[in-house]
Amino acid sequence: GAEDFKAALHELIREVIAKHERILFNGNGYSEEWVEEATKVRGLLNLKTTPDAMPHLLDKKNVDMLTAHKVFSETELQSRCEIMLENYCKTVVIEARTMVDMAYRLLAPAAEKYAADLASRAVLKRSAVSSAPCLFEDHLVRMLSAATDEIYMAVLDLEKKLASADCGTWAERSVSLKDEVIPAMETLRKHCDEAERITAKEYWPVPSYGELLFGTK
């Protein structure tokens, strides 16, 4: 009903910004400075994972708000929280077991085969020329042997932590998976990456990121 709509709109925008400026943020939402301001100055939560975030769905203020507006009942909220945590747990377990399977059946054997072939080549070279140093072969065999040992130990650790996480409520399992299993997966990934780095391309059984992103086959 304003006589000058644009002028009234601009005035309204000025009023809203002045009134709510304290909660507006126009900076880099991914910076450490924003995390510091959000958590310590504004008192916001910084929930980085599903196990950290989902239980807050059942915080009293959230339950009161959602039930008051008849969005969900409290029973529905409890069910949704349980289902989300169950899905998280099952997804992480599937990924972890897939890692174990790949490490045992694909990646460690590939590195071992390359190491064995290198060792055989060194033996052949020395049988032809006894003084042949074979520095390349010797060095890589040692590195590959160490890498496969690290993969093996990381797999054993991951399997142990998977077994330990397979008990309790879904909330309890999700915390165990987040705190124990996922770090063990990251460790296994690191050792597999190192083995990939020093294994000849033709021996490695899975595509590299470069092949996935830029390959034309």
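In this convention, every chain numbers its residues from 1, walking through the sequence in written order. Only residues with pLDDT of at least 70 get local features here, since the model is predicted, and only at 80 or more are side-chain atom pairs given and counted; chain-wide, interface and lining totals rely on the full set of residues. Hydrogens and waters are ignored; side-chain quantities use all the structure's heavy atoms.

Caption draft 1: Highlighting unusual backbone geometry. One non-glycine residue, K70, lies in the positive phi region at around 60°. The helix count covers DSSP runs of H or I at least four residues long, the strand count covers runs of E at least two residues long, and both are numbered beginning at the N terminus. Within the secondary structure, K70 sits in the loop between α4 (60-68) and α5 (74-128). Judged by relative accessible area, which is 73%, K70 ranks as exposed. The phi dihedral of C134 falls on the positive side, at around 55°, and the residue is not glycine. Locating C134 in the fold gives a position in the loop between α5 and α6 (135-165). The classification of residues rests on relative accessible area computed with a 1.4 Å probe and restricted to protein chains. Under 20% of the type maximum is buried, over 50% is exposed, and intermediate values are partly exposed.

Caption draft 2: The arrangement of the environment of P51 in detail. In this structure, P51 sits in helix α3 (residues 50-53). When the C-alpha positions of P51 and L85 are compared, they lie 6.8 Å apart, and in sequence the two are 34 residues distant.

Caption draft 3: View of the pattern of salt bridges. Here a salt bridge means any side-chain nitrogen of Lys or Arg lying within 4 Å of a carboxyl oxygen belonging to Asp or Glu. Applying the stated criterion across every chain yields a total of 16 salt bridges. Note that E36 is salt-bridged to K40, the shortest N-O span being 3.3 Å. Linking E36 with K40, this pair stays in helix α2 (residues 32-41), spanning four residues, or about one helical turn.

Caption draft 4: Here's a closer look at the packing of α5 against helix α7 (residues 170-198). Between α5 and α7, the least distance of the axes is 9 Å, while the angle of their chain directions is 25°. Put simply, α5 runs roughly parallel to α7. Remark: the crossing between α5 and α7 carries left-handed chirality. In terms of residue class, the contact of α5 with α7 is made up of 21 nonpolar, one polar and seven charged. The axes are straight lines fitted to the C-alpha atoms, using for helices just the contacting stretch, and the angles between their N-to-C directions are given from 0 to 180°. Working definition: roughly parallel below 35 degrees, roughly antiparallel above 145 degrees, roughly perpendicular at 65 to 115 degrees, and oblique for all remaining angles. Handedness of a crossing follows from how the near helix is turned relative to the far one, being left-handed for an anticlockwise turn of less than a right angle and right-handed for a clockwise one. Here the term charged refers only to Asp, Glu, Lys and Arg, the term nonpolar to Ala, Val, Leu, Ile, Met, Phe, Trp, Tyr, Cys and Pro, and the term polar to all other amino acids, Gly among them.

Caption draft 5: Spotlight on the environment of T39. Here T39 shows up in helix α2. The class for T39 is partly exposed, based on a relative accessible area of 30%. Sequence-wise, T39 and R189 are 150 residues apart; in three dimensions their C-alpha atoms are separated by 32 Å. The contact definition used throughout considers only heavy atoms, calling two residues in contact when any of these lie within 4.5 Å. When residues no more than four places from it in sequence are discounted, the contact partners of T39 are L44 and N46. Polar contact is defined as a pair of N or O atoms within 3.5 Å, subject to the rule that within protein one atom must be able to donate a hydrogen and the other to accept it, and that residues adjacent in sequence are counted only when both atoms are side-chain atoms. Among the polar contacts listed, one links the side chain of T39 to the backbone oxygen of V35, at a separation of 2.7 Å.

Caption draft 6: Representation of the nonpolar core. Only buried residues count toward a nonpolar core. Its members are Ala, Val, Leu, Ile, Met, Phe, Trp, Tyr and Cys residues joined through side-chain atoms within 4.5 Å. Core analysis: the largest hydrophobic core is formed by 39 residues, its most contacted members being I151, L158, L177, V181 and L188. Counting only elements with at least two residues in this core, the list comes to α5, α6 and α7. For this core, the leading source of residues is α5, giving 17 residues.

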